[in-house]
Amino acid sequence: MGKAHSQCISIVISINTVLRRFGLLCVHAKILRLNKAGLPVSWLTREETATLLVKEQVIWSLGEPVMELRGGINRDGIRSMLRLPSIVACDGKVHKGSFDPPLENKFLFRRDKNICLYCGGEYPWQDLSRDHVIPVSKGGSDSWTNVVTSCRRCNNRKADRTPEQANMELIAVPFVPNQYEFLYLTNHAVLADQMEFLSARFSRNIRLIQ
Ligand SMILES: [Zn+2]
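Residues numbered from 1 in each chain as written. Predicted model: local features only at pLDDT ≥ 70, side-chain atom pairs only at ≥ 80, totals over all residues.

**Focus on the overall build of the protein**
So the rule is basically this: Each helix corresponds to a stretch of at least 4 residues labelled H or I by DSSP, and each strand to a stretch of at least 2 residues labelled E; elements are numbered beginning at the N terminus. The exposure label follows from counting other C-beta atoms within 10 Å of a residue's C-beta, where the C-beta atoms are placed from the backbone and the thresholds are 20 or more for buried and 12 or fewer for exposed, leaving partly exposed in between. A pair of residues counts as a contact when their C-beta atoms, built from backbone coordinates, are within 7 Å of each other.
Assigned secondary structure in the protein consists of seven helices and six strands. Beginning at the N terminus, the succession of helices and strands in the protein can be written as α-β-β-α-β-β-α-β-β-α-α-α-α. Looking at the protein residue by residue over its 210 residues, the buried ones come to 23%. Across the protein, contacts joining residues at least 24 apart in sequence account for 62% of those joining residues at least 6 apart.

As structure tokens, this is what we get:
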């Protein structure tokens, strides 16, 4: 076990060296990590994926190889090759319970496609803000279903009022992204086969695919 473990570590180190030598750690493409039940859980760097593959923690994979890594030459004179797939399912605990995506402005704005849900205008993120549909001062919560992307002008105009009081109608209903949608919202460089996998489970709410 100890020997196998040390071999494992030396392979990982040589992969890291290869990755660094070719400057590939800076490449932005990410690998989609699924749990063994097939649910998407996070995005991995290529380095993290290589480590999981070498440690044999990947139980199955999908998608086109993102990259091929050449390893060292073994005692039979054969050079090892590691293919990094775009989607990997990993062994480990499956956390049960409801999915609770963190509410951050960068994900909220992407959910709403950088569009102000009051005037319908598309804005750069610097000009956007988080509006509470029912204002917090009136008992509204800071949750996905009570927040929308709003331009600063509309947010100021609406002020501390409900949409009805301000006579400002919402152009879409705010929703909680599901696990598939949330993974999409957190990566700006989703590859085609990853998108195919994720979008198969998108809800009707998300009609904002770029
Ligand atoms: Zn607006």
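**Examining helix H2 (residues 46–54)**
Those residues of H2 that fall on the buried side of the exposure criterion are Thr49, Ala50, Leu52, Leu53 and Val54. With its phi angle positive at about 60 degrees, Glu56 sits one or two positions after the end of H2.

**Quick look at the nonpolar core**
The test is simple: When buried Ala, Val, Leu, Ile, Met, Phe, Trp, Tyr and Cys residues are joined through C-beta atoms within 7 Å, the set is termed a nonpolar core.
By size, the foremost hydrophobic cluster in this structure holds 19 residues, and its most contacted members are Leu32, Leu34, Ala50, Ile87, Val88, Tyr184 and Leu198. When contributions to this core are tallied by element, the ones reaching two or more residues are strand S1 (31–34), H2, strand S4 (79–90), helix H6 (179–185) and helix H7 (192–199). By residue number, the principal contributor to this core is S4, which donates five residues. What Leu198 contacts, discounting residues up to four positions off in sequence, is Pro40, Tyr180, Leu183, Tyr184 and Val190. Phe109, Leu117, Cys151 and Cys154 belong to the second largest nonpolar core, which has eleven residues in total.

**What about the confidence of the model for the protein?**
What counts is decided by this rule: The score called pLDDT rates the predictor's confidence residue by residue, from a low of 0 to a high of 100.
Here the protein averages 85 in pLDDT, while 85% of its residues score no lower than 70. The low-confidence segment residues 6–13, where pLDDT is below 50, has six contacts with residues more than four positions distant or belonging to other chains. Counting interchain partners and residues more than four positions distant, the pLDDT-below-50 stretch residues 15–26 has 15 contacts.

**Focus: the sheet that holds S1**
Basically, it comes down to this: Strand pairing is defined by DSSP finding a minimum of two bridges between the two strands. Comment: axis = line fitted to C-alpha atoms, over the contacting stretch for helices; angle = value between 0 and 180 degrees taken between N-to-C directions.
With respect to topology, four strands assemble into an open sheet ordered S2-S1-S4-S3, the strand pairing being mixed. The outermost strands of the open sheet, each flanked by one partner alone, are strand S2 (40–44) and strand S3 (58–73). Averaged over all pairs of adjacent strands, the angle between their axes in this sheet comes to 40 degrees, without regard to strand direction. Relative to S2, S1 is paired through four bridges, and the arrangement is antiparallel. Of the residues in S2, the one forming a bridge with Leu32 is Trp43. Contacts between H2 and the sheet are confined to S1, S2, S3 and S4, with S4 contributing the most and set at about 105 degrees to the helix. Against the sheet, H7 makes contact with S1, S2, S3 and S4, and its axis sits at roughly 25 degrees relative to S4, the strand it touches most.

**Description of the pairing of strand S6 (residues 147–151)**
Burial within S6 is extensive, with five of its five residues counted as buried. Burial along S6 is two-sided: Val147, Thr149 and Cys151 facing one way and Val148 and Ser150 facing the other are all buried. Pairing between strand S5 (residues 128–132) and S6: five bridges, direction antiparallel. Within the sheet, the bridge partner assigned to Asp131 lies in S6 and is Val148.

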